[in-house]
Amino acid sequence: MSGILLGALAALTSACASVADTALPSELLHRQPVDPRVHAEIWPGDVIEVRHRNTPELDAIVTVRPDGGIQVPLAGEMQAAGRLTTELEELIEDRCRAEVRKPDVAVIVTEYAGRTALVGGEVNEPGPVLLNRPTTLLEALMAAGGFLPTAATQTVVLLRRYEASDVGGEEWRSYVV
């Protein structure tokens, strides 16, 4: 299940607590942290660095075009948006195998395109928060000016959009944090 935090982050008062339908799953609470530069999903507008460890002359820094594509030396044209950096590494390595003996590629997102999260409810500055790097819930709440004194901080709801491949669309889930 690949979750995409494109949805909304909401700090809601206890009057709105009934919006949440599920407690935060333990796999989200106890997940091991990953290095977001290495295991990030690539989006249009992201700037990525492609490093060839054994052949640095093939290194490149590219911006993902609006159509999601990139042009990489030797590997050519390819779709980058929607892939994880590790998936793109494998694709570039596969395409370079004919010319490079043991391709060893690292793909790192160096600049994130303007993703936003919506923070609403009892915060000082409700509205969109720019996510120009991987951001935690706490960081997004602080970017919205923190809680108002009237906020029910024990009732924070995270709304998250997931791809629902089985029905060919998307699905929203809410969690009490």
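As a reminder, the structure under discussion sits directly above these lines.
As the structure is a computational prediction, the values presented were derived from the model and not from experiment.

Visitor: Explain the overall build of the chain here, please?
Guide: If you tally the helices and strands in the chain, you get 3 helices and 12 strands. Counting all 177 residues of the chain, 40% fall into the buried class.

Visitor: Explanation requested: the pattern of salt bridges in the structure shown.
Guide: Here the idea is simple: oppositely charged side chains can pair when their charged atoms come close. Overall, the coordinates contain 5 salt bridges when judged by the stated rule. Residue Asp104 pairs with Arg53 through a salt bridge whose shortest N-O separation is 2.6 Å. With Asp104 in the loop between helix H2 (85–96) and strand S8 (105–111) and Arg53 in the loop between strand S4 (47–52) and strand S5 (60–63), this residue pair connects regions lying 51 residues apart in the sequence. For Asp104, a relative accessible area of 29% gives the class partly exposed. Between Asp94 and Arg97 there is a salt bridge, with the nearest N and O atoms lying 2.6 Å from each other. Judged by its relative accessible area of 52%, Asp94 is exposed. Residue Arg97 is classed as partly exposed on the basis of its relative accessible area of 44%.

Visitor: Where do I start with the sheet that holds S8 in this structure?
Guide: Within a beta sheet, neighbouring strands are joined by backbone hydrogen bonds and run either parallel or antiparallel to one another. The strand order S5-S4-S8 describes an open sheet built from 3 strands, whose pairing is antiparallel. The sheet is open, and its two borders are formed by S5 and S8, each paired with just one other strand. Direction aside, neighbouring strands of the sheet carry axes that sit 25° apart on average. Taken together, the 4 bridges between S4 and S5 define a ladder with antiparallel strand orientation. Its bridge partner lying in S5, Val50 is registered against Ala60. Across the sheet, H2 is in contact with S4 and S8; its angle to S8 comes to roughly 135°.

Rules of the game
- Residues numbered from 1 in each chain as written.
- Predicted model: local features only at pLDDT ≥ 70, side-chain atom pairs only at ≥ 80, totals over all residues.
- Heavy atoms only, no water.
- Helix = DSSP H or I, 4+ residues; strand = E, 2+ residues; numbered from the N terminus.
- Buried < 20%, exposed > 50% of the residue type's maximum accessible area, 1.4 Å probe, protein only.
- Salt bridge = Lys/Arg side-chain N within 4 Å of Asp/Glu carboxyl O.
- Pairing = 2+ DSSP bridges.
- Axes fitted to C-alpha atoms, helices over the stretch in contact; angles between N-to-C directions.
- Contact = heavy atoms within 4.5 Å.

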